[in-house]
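Architecture and fold: a report
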Amino acid sequence: MTIPRVSTRNTFHQLPPLRSSSLRNYATYKRFNDNGSSRSTQFNYLNLLTNRRTLYFAGGCLGFYVYNLHEAPVTHRYRFIWIPYWLESKIGDYSYRQILSQYQDQIIPHSNPLYARIGNIMNKLLTVAIEHNDNESQRQHLKNLHWSINIIKVDNDKYPPNAFILPNGKIFIFSSILDICKNDDGLATVLSHELSHQLAHHSSEQLSKQPFYILLSTILYSITGISRINDLLIKGVLEMPASREMESEADRIGLELMAKSCFNLTESVKFWERMHQAEQSFNGMGDSKLLQFFSTHPQTEKRIHDIQHWLPELEHLKESSGCYEYQFGKFSDFSKNFFNR
Ligand SMILES: [Zn+2]
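The following refers to the structure shown. This structure is a prediction, so every number in the text was calculated from the model and none was measured. (Residues numbered from 1 in each chain as written. Predicted model: local features only at pLDDT ≥ 70, side-chain atom pairs only at ≥ 80, totals over all residues. Heavy atoms only, no water.)

Some details on the coordination of the zinc ion
Note on the zinc ion: its protein donors are His193 (NE2), His197 (NE2), Glu247 (OE) and Glu247 (OE). The metal-donor distances range over 2.1 to 2.5 Å. Coordination geometry of the zinc ion: the four donor atoms subtend angles of 54 to 131 degrees at the metal centre, consistent with an arrangement described as irregular. His193 gets classed as buried once you look at its relative accessible area, which sits at 6%. (Donors = N, O, S within 2.8 Å, 3.2 Å for Na, K, Ca; no water. Tetrahedral: all angles 85-135°; square planar, octahedral: opposite > 155°, others 65-115°. Buried < 20%, exposed > 50% of the residue type's maximum accessible area, 1.4 Å probe, protein only.)

Pasting the structure below:
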């Protein structure tokens, strides 16, 4: 369908008569897939790409990219992160206020003994995460954070089993995951995984990529004129695999923290098996919100397979960390309490 051109002539501003060759399209509508438009877009992009300023800008961007490449702990994967700790914490503070106001009536009172139990597990994991960290600025950052735990009471049939740590050290646990955790080692599996996202700066990594996704989406839209397909392409090709890669990385880092903190590693396999069962029952319900949650995570069977493959190496790490030696209270130093400050 062609849309008629709307001329501004005979409106409030009387334009001087123009020769047909110099007619400008004042307030005219053009379709994005119009042939002329696409030719001019290609021409403009070619001009833009060969422009000297564009080359300077591209060189600057490349320098900025290389300068901000950081190595992930344990997996030694290089990734682009330009968001500093202070901004990461500010974003965490903002999200914290939002989540607190959303779930304020569902937060289990802090007098509940569950908090002390989860706090003890987190203290062990944090002690190891700080003591075994080669990065001095991250060590200081982790020590300075105001760590806190909030358990959210939810309907187990409606909310997927979930837990997360915000970049400012605030931990949220949905009650729907507690039965699946079953014991302290199960809880440590969840908490170490979430702490690993924090240690590996996964939220900053995701945020660092956002301006590029927006730019890419804008370029694709200007070429194709279809936003929905572009968004799906960016999500499917760039965002989802990256998120699955981060999940797997958090599993590995988390298990190393568990090994060094002397938790039972085979219990984490059992935890993921219980998680898989829960996932199956949720999938059976066909709830789109729950299916969406699981689609951003790696397949649980793959997770179990990976953990089983890592177990011999992790058991060796546990042994070399002195977990099987007779030690009078390896973690009896309760001065290292990162909560209630
Ligand atoms: Zn995760």
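That was the structure; now back to the text.
Concerning a nonpolar patch on the surface
A grouping of Leu62, Tyr65 and Val66 is seen on the molecular surface, where their side chains present a nonpolar patch of about 310 Å² in accessible area. By the secondary structure assignment, Tyr65 is in helix 2 (residues 52-67). When its relative accessible area of 39% is taken as the criterion, Tyr65 is described as partly exposed. (Patch = residues over 30% accessible without salt bridge, like charges linked within 9 Å, V, L, I, M, F, W, Y side chains within 5 Å. Areas by Shrake-Rupley, 256 points an atom, 1.4 Å probe, with all protein chains shown as cover. Salt bridge = Lys/Arg side-chain N within 4 Å of Asp/Glu carboxyl O. Helix = DSSP H or I, 4+ residues; strand = E, 2+ residues; numbered from the N terminus.)

So, the state of the cysteines
Under the definition given, this model contains one disulfide. Between Cys262 and Cys323 runs a disulfide, and the two sulfur atoms are separated by 2.0 Å. The disulfide joining Cys262 to Cys323 has a torsion of about -80 degrees about its S-S bond and is therefore left-handed. With Cys262 in the loop between helix 9 (227-260) and helix 10 (266-285) and Cys323 in the segment after helix 12 (300-320), this pair connects stretches of sequence that are 61 residues apart. Since its relative accessible area comes to 17%, Cys323 is described here as buried. (Disulfide = S-S within 2.5 Å.)

Some words on the side chain of Thr189
Counting through the fold element by element, Thr189 comes out in helix 7 (residues 184-199). The class for Thr189 is buried, based on a relative accessible area of 5%. Apart from the residues lying within four places of it in its own chain, the contact partners of Thr189 are Met258, Ser268, Phe271 and Trp272. (Contact = heavy atoms within 4.5 Å.)

Observations regarding the pairing of strand 5 (residues 170-174)
Among the five residues of strand 5, five are classified as buried, and the element is accordingly described as predominantly covered. Of the two faces of strand 5, the one holding Lys170, Phe172 and Phe174 and the one holding Ile171 and Ile173 are both buried throughout. Pairing analysis gives five bridges linking strand 3 (residues 148-152) to strand 5, with the strands arranged parallel. Within strand 5, the position partnered with Asn150 by the bridge is Phe172. Pairing between strand 4 (residues 163-165) and strand 5: three bridges, direction antiparallel. Paired with Phe164 across the bridge in strand 5 is Phe172. Counted between consecutive antiparallel strands, the loop separating strand 4 from strand 5 contains four residues, among which Gly169 sits at a positive phi close to 85 degrees. (Pairing = 2+ DSSP bridges.)

Read these as spatial facts, not as claims about activity.
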